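Report on the structure
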Amino acid sequence: MPGGVRDASGIVFRRVFRFACMVIQTRFGTGSVRPNGNKSVSYGLIRTCGTVLRMLGISDLLKGMKSRGVSLDVIVELVCAYQLQGGSSMNECADWLDDDVLKMKLCGGETISQRTIDRSLAVLSDHFEEIIDGIWEGINRIFDIECTDVVVDGLHIPVVGRMNSLSAYGYGGRGIQNQVQFMLGMLRCPTLPFDIMPYPGNMTDQEQYRNFLPRLFKRMTPGSMIVVDNGCAHKDLKKMITDAGMEYLTRERMNNSDDRRIDEHPEDFTYTDTDVCCIVNTFTASGRTLYQFFSVDNYLRGMQIAVKKEAKCAKVIAEGSVVGETPKVRTSDIVKKLNNPYLNVEIKTVVQMIMSPFDPSDKAEAITELMGGRCGYFKLECSIPLPPEKALDIYRARIRIEHLISSIKSVVNIEPLRVWSDGSTNGSLLLALLAQLVVSVVIELMEGIREEVSENGRRSVRVRKPSAIFAVKSLSHLTVSFLYDDQGAESVVYSNFEPMNTEIMGILDRMEACLDPFSGEKWQKRGIFVEERLRR
């Protein structure tokens, strides 16, 4: 590069750099940044966890469970807040609480070490059932629970740590993995989690339900409904529910008699929604009712899946094959051979092309075959005769527990589970339940936005409220900063108020007024708004 050009380019770069510095100074000020002792913490999350757990009565329950060092209720409140602000490591949590300012402001000058947190998890495990009972009592202290209908679901969590009696290798989202399974119980209205139970990673769904359902019966009033997936669709489990005086709504697998009924009596279908129709079959003696639904959305979704499968099947045929000739296919494309050192297996394949992927009509026939005859159909079973549109709405609302489980995994950051014993597993799941319960309680107490919806001639009012992730995000923005001048004088600054966290702070103000024994205020139980479509 000629010297003149190089010098000119250098001048241009220096001018651009000076301009960029001027822009930065204009935006953030011209003062130099110097290290200081100022500290900012997530005031919104810490206050929310502390106040809601005290309102539930959990904090008072925890105080007597640990006699030495920092009180257990303080540890649980801070660890829950730490998890909600994105942390998942107890080592990092101990480092976060080791700051001198945080120790003085949050822990009364005491140190919360990694060993203290580990011991707290073991104490929580020792008092597992007592705390679960306290959660149920606390929910009934805040809300006016008229309906004890329950939704149940389960999930697996990968485990990072030593093997224990609860961790086992089983099929998970990433294939075979070391995992722990758990069952979660949630009230249908309001959508609050109230019970959780860990199980070995290789235990079947039926065994988990058989153990978990009796835990729910003692909290439910007779005639309440349990909404479950097809993991509970077994005769003995359904009999267990009805023998306890409860009702159930579950998804069932379709069988040959369902196929015959659909083929022989298509006139029995009635529309329950814009794109859903149903055949209802009620057994007079028992009241047990079967619903065979056909959904256009499910049918189109199944068609999309079949189109992708057909494309994969077409790839098996060699690109250079000619229409009408036998394709060149490798055995591994058709048959998967398991490696067994004791056996010498030889497989011979005979391939005959019966349809051509190059023929549009054959392609359509292949897609139809991959879709299957039951594409778009699904079956529900209820122990009592509900109208089909009501049964469908109640089962569809079951997605809320899936959102709740997703929140426990992502918002509460329990995945992966870092544990080393049964006690740490129980304690970690209990902490996750408490953290999620705190968020769910404040969301239920928010006013929300009421919307009038009309679907298929049915008008209803729905209340739209923020999701857990947005509520936690807004609370994490609300910070308190401790600022210190050169003489060490302290000033406190609260920052980042938003409409959402401001409303939540108002809820906490009312709770704290009721918790103050000298205020004379009493908490008025919050009535639950239940959408008309979800009422039985």
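What comes next is a walk through the structure. Remember, it's a predicted structure, so these values are computed and weren't measured experimentally. (Residues numbered from 1 in each chain as written. Predicted model: local features only at pLDDT ≥ 70, side-chain atom pairs only at ≥ 80, totals over all residues. Heavy atoms only, no water.)

1. Quick notes on a positive patch on the surface
The condition that has to hold: Residues enter a patch when their relative accessible area is above 30% and they make no salt bridge; the linking distance is 9 Å between like charges and 5 Å between nonpolar side chains (Val, Leu, Ile, Met, Phe, Trp, Tyr). Every accessible area reported is derived by Shrake-Rupley at a probe size of 1.4 Å, with residue values counting cover from the shown protein chains alone. A carboxyl oxygen of Asp or Glu within 4 Å of a side-chain nitrogen of Lys or Arg is what we treat as a salt bridge. Here the positive residues are Lys and Arg and the negative ones are Asp and Glu; neither His nor the chain ends is included. Where a charge sits is defined by one atom per residue type, namely NZ (Lys), CZ (Arg), CG (Asp) or CD (Glu). Put simply, DSSP H or I for four residues or longer makes a helix, DSSP E for two residues or longer makes a strand, and each gets a number counted from the N terminus.
Together, Lys308, Lys309, Lys312 and Lys315 line one region of the surface with positive charge. As for its position among the elements, Lys315 is in helix H12 (residues 296-316).

2. Quick look at the packing of helix H4 (residues 72-84) against helix H17 (residues 422-445)
Cut-off, in case you're wondering: Where helices are involved, their axes are fitted lines through C-alpha atoms of the stretch in contact, as for all axes, and angles between N-to-C directions lie from 0 to 180°. For this classification, under 35 degrees means roughly parallel, over 145 means roughly antiparallel, 65 to 115 means roughly perpendicular, and everything else is oblique. Contact criterion: two residues are considered in contact whenever any of their non-hydrogen atoms come within 4.5 Å of each other. Residues are grouped as follows: nonpolar covers Ala, Val, Leu, Ile, Met, Phe, Trp, Tyr, Cys and Pro; charged covers Asp, Glu, Lys and Arg; every other residue, Gly included, is treated as polar.
Where H4 meets H17, the axes come as close as 9 Å, and the angle between the chain directions of the two elements is 75°. Taken together, the axis directions place H4 and H17 in an arrangement best described as roughly perpendicular. Along the contact surface, H4 presents Val76, Val79, Cys80, Gln83 and Leu84, while H17 presents Leu431, Ala432, Leu434, Ala435 and Val439. Of the residues assigned to the contact of H4 with H17, the class counts are nine nonpolar, one polar and no charged.

3. As for the packing of helix H2 (residues 43-56) against H4
Geometry of a packed helix pair, given as the angle between the helix axes and the separation of the axes. We apply this condition: When the near helix sits turned anticlockwise from the far one by under a right angle, the crossing is termed left-handed; a clockwise turn instead gives a right-handed crossing.
H4 packs onto H2 with a crossing angle of 135° between their chain directions and a minimal axis gap of 9 Å. Taken together, the axes of H2 and H4 are oblique relative to one another. The hand of the H2/H4 crossing is right-handed. Residue-level contacts link Leu45, Ile46, Cys49, Gly50, Leu53 and Arg54 of H2 to Val76, Glu77, Leu78, Cys80, Ala81 and Leu84 of H4. A per-class count over the contact of H2 with H4 returns nine nonpolar, one polar and two charged.

4. Considering the packing of aromatic side chains
Definition in use: Stacked, edge-to-face and tilted are the three classes for Phe, Tyr and Trp ring pairs, Trp counted by its six-membered ring, which pair at centre distances within 6.5 Å; planes under 30 degrees apart are stacked, over 60 edge-to-face, the rest tilted. For each residue, the accessible area found with a 1.4 Å probe, counting protein chains only, is set against the maximum for its type, and the residue is called buried under 20%, exposed over 50%, and partly exposed in between.
The full count for this structure, using the stated rule, is eight aromatic pairs. Ring centres of Phe294 and Tyr377 lie 4.9 Å apart, and the angle between their planes is 55°; on these two criteria the pair is classed as tilted. Of the two residues, Phe294 is situated in strand E11 (residues 289-295) and Tyr377 in strand E12 (residues 377-382); the sequence distance between them amounts to 83 residues. A relative accessible area of 23% places Tyr377 in the partly exposed class. One aromatic cluster in this structure is built from Phe269, Phe294, Tyr299 and Tyr377.

5. Section: the sheet that holds strand E17 (residues 490-495)
Definition in use: One requirement defines pairing of two strands: DSSP has to find at least two bridges between them.
Read from one edge to the other, the open sheet built from three strands follows the order E1-E16-E17, with strand pairing classed as antiparallel. One side of each edge strand has no neighbouring strand; the edge strands of this open sheet are strand E1 (39-41) and E17. Sheet twist, expressed as the mean angle between neighbouring strand axes with direction ignored, is 20°. Pairing geometry for E1 and strand E16 (residues 479-484), over three bridges, is antiparallel. Paired with Ser40 across the two strands is Ser481, which belongs to E16.

6. A look at the pattern of salt bridges
A full pass over the atoms with the stated rule returns 19 salt bridges. Between Arg47 and Glu512 there is a salt bridge whose closest N-O contact spans 2.8 Å. With Arg47 in helix H2 and Glu512 in helix H19 (residues 499-515), the pair connects residues that are 465 residues apart, well separated along the chain. Given the relative accessible area of 26%, Glu512 is considered partly exposed. Overlapping salt bridges, with partners in common, bring together Asp153, Asp229, Arg398 and Glu402 in one network.

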